[in-house]
Amino acid sequence: MTNRQLNLNAFIYPTGHHEASWRHPGSVPERLYDVTYFQELARLAESAKLDAVFFADGPALRTEVKYRPDYGLEPITTLVAMATVTTHLGLIATASTTYYEPYNLARLFSSLDHISGGRAAWNIVTTATDAAAANFGYTEHPEVHERYARAREFVDAAIKLWDSWEDDALVLDKAAGVYADPDKIHRIDVEGDYVKVRGPFGSARSPQGRPVLVQAGSSNDGRDFASTYAEAIFTAHQRIEDAQAFYTDIKTRAAAFGRNPDHVKILPGLSPFIGATEAEAKELQREFNELTIVEYGLGQLQKMGRIDVSRLELDEKVPVELFAGAGDITDNDNSRRLVFAKIVEREQPTLRQLLHKLAGARGHNVVAGTPVQIADIIEEWFTNGAADGFNIMPPQYPQGLEAFASQVVPILQERGLFRTEYTGTTLRDHYGLPRPESQYARELAAAGV
């Protein structure tokens, strides 16, 4: 028994996180543009008392759409619809600092936070595809350091916009005819190298003060950025040792920035195949892997791993030399390439075996076992300094989430690791995060105004 509680999100990804999920019996790819499908998933996640649902996204059609469904509906809009059928579930949407402007994105997330009663979160990404660049009038995407430099200015501006209304700026005095106090609404006057925003914001402060800030990335630039801004971090690790090293590194960096490490939640991805027996779970995983399409898997490996495997036979061992210079957990320029490199180094797989290893969740930890075995893994990582919780990545929706919610969550609850009821109403409540004060109110108070 422990007072510390797990944080669990359901990572929503079209038909499921296994690349062949849409081909499996029971899958419903025809419903990916049906908002009631996502509302049903939201109700299911809330019935299990999960912290939040999490949406990935990208502003371009993926070239592999021939073999797998694309993201489909825009996530913020979809989450608004999901907010209307839930009362506690957190709502995390991915949006790019490269292809938005601070004001319009701040407005979208502020509206989601108001509409949901304080359940919004922004997964901050910088985007790294030429396809996205072409959709916004650019010939190529900016290089990584420039993207992160813009991201820092962008997030600073968004926070200032959300803070530009002090909490008591909204007066609502009908008798005096005063709706808001202009002295408590502030211009932000941001003049950066990449971002220029005058402000103030057009909306009163939202229920959480500002949405929760989430980040997904473990590269050098990503870890520096996350340690500065992120309140929850989505990361990929295959082994508990690697997760522990990352966890310690991020918490140490956050403390060095003057932040409370407990207010930075580390949430690795976990994709569980669940069966009544371990053999049954592994058989389910094998069924999914048999549905994979080699061309798709090769494309994903070459794009995410940044390697050329075109000369390898499927049953030939993958040379570890292909991943030379991948780095380590606390020093790398591409965290997913590092995950792939470590798999090849440890397991010495054939190309076919590596494709199957990555098919389940793109390098995130895929486990096959009984509900008790899945709960044991979660508890081990949680209690041994590797995670504050997990982004659960079911191989298939809705069946995988149903199995996790009905079979694994009750075990975690029985062990005192996870809530049986919500104790707050906002996502900050669920994550144990404080509601931030407006920086402008704080500055005025410090100045004695």
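Above this text sits the structure in question.
What you see is a predicted model; the values in this text were computed from it and never measured.

Draft legend 1. Representation of the overall build of the protein within the structure. The helix and strand tally for the protein stands at 15 helices and 13 strands. The C-alpha radius of gyration of the protein comes to 22 Å, within 12% of the 22 Å expected for a compact globule of 449 residues. Principal-axis analysis of the C-alpha atoms gives the protein an extent of 75 × 50 × 45 Å. Sorting the 449 residues of the protein into buried and exposed places 56% on the buried side. Sequence-distant contacts, at least 24 apart, represent 78% of the contacts inside the protein between residues at least 6 apart. Total accessible area on the protein stands at roughly 18900 Å², and carbon and sulfur atoms take up 50% of it. Here the protein carries 45 positive and 61 negative side-chain charges, and the mean point of each set is 1 Å from the other.

Draft legend 2. Fine view of helix α13 (residues 399-414). Taking 1.5 Å of rise per residue, the 16 residues of α13 would be expected to cover 22 Å, and the 23 Å separating its terminal C-alpha atoms lies within 8% of that figure. The complete set of buried residues in α13 reads Gly400, Leu401, Ala403, Phe404, Ala405, Val408, Val409, Ile411 and Leu412. Buried residues in α13 make contact with β1 (7-12), α1 (35-47), β11 (265-274), α12 (371-383) and β13 (389-392). Directly after α13, the chain includes glycine 416, whose backbone phi takes a positive value near 75°.

Draft legend 3. Structural context of the pattern of salt bridges. The final tally for this structure, using the stated rule, is 26 salt bridges. Glutamate 40 is paired through a salt bridge with arginine 31; the nearest N and O atoms lie 3.1 Å apart.

Draft legend 4. Quick peek at unusual backbone geometry. The amide bond that connects glycine 199 to the next residue, proline 200, takes the cis arrangement and shows omega of 0°. Relative to the helices and strands, proline 200 resides in the loop between β8 (196-197) and β9 (212-216). With an omega of 0°, the peptide bond running from tyrosine 397 to proline 398 counts as cis. One can find proline 398 in the loop between β13 and α13. In the Ramachandran plot, arginine 306 falls in the positive-phi region, its phi being about 55° despite a non-glycine side chain.

Draft legend 5. A look at the pairing of β11. For β11, the tally of buried residues reaches ten of ten residues, placing the bulk of the element in the interior. With four bridges connecting them, strand β10 (residues 232-235) and β11 associate as parallel partners. Bridge pairing links threonine 235 to proline 268 in β11. Between the parallel pair β10 and β11, the chain is carried across by helix α7 (residues 240-256), and the sense of this crossover is right-handed. Pairing between β11 and β13: two bridges, direction parallel. Counted as the bridge partner of leucine 270 is isoleucine 392 from β13. Summarising the sheet, β11 and strand β12 (residues 365-369) pair through five bridges and their orientation is parallel. By the bridge assignment, phenylalanine 273 is partnered in β12 with alanine 368.

How each quantity is defined
Residues numbered from 1 in each chain as written. Predicted model: local features only at pLDDT ≥ 70, side-chain atom pairs only at ≥ 80, totals over all residues. Heavy atoms only, no water. Helix = DSSP H or I, 4+ residues; strand = E, 2+ residues; numbered from the N terminus. Rg over C-alpha atoms; globule rule 2.2 N^0.38 Å. Buried < 20%, exposed > 50% of the residue type's maximum accessible area, 1.4 Å probe, protein only. Contact = heavy atoms within 4.5 Å. Areas by Shrake-Rupley, 256 points an atom, 1.4 Å probe, with all protein chains shown as cover. Lys, Arg positive; Asp, Glu negative; His and termini not counted. Charge placed at Lys NZ, Arg CZ, Asp CG, Glu CD. Expected span 1.5 Å × (residues − 1). Salt bridge = Lys/Arg side-chain N within 4 Å of Asp/Glu carboxyl O. Pairing = 2+ DSSP bridges. Right-handed = clockwise from strand over helix to strand, strands pointing away.

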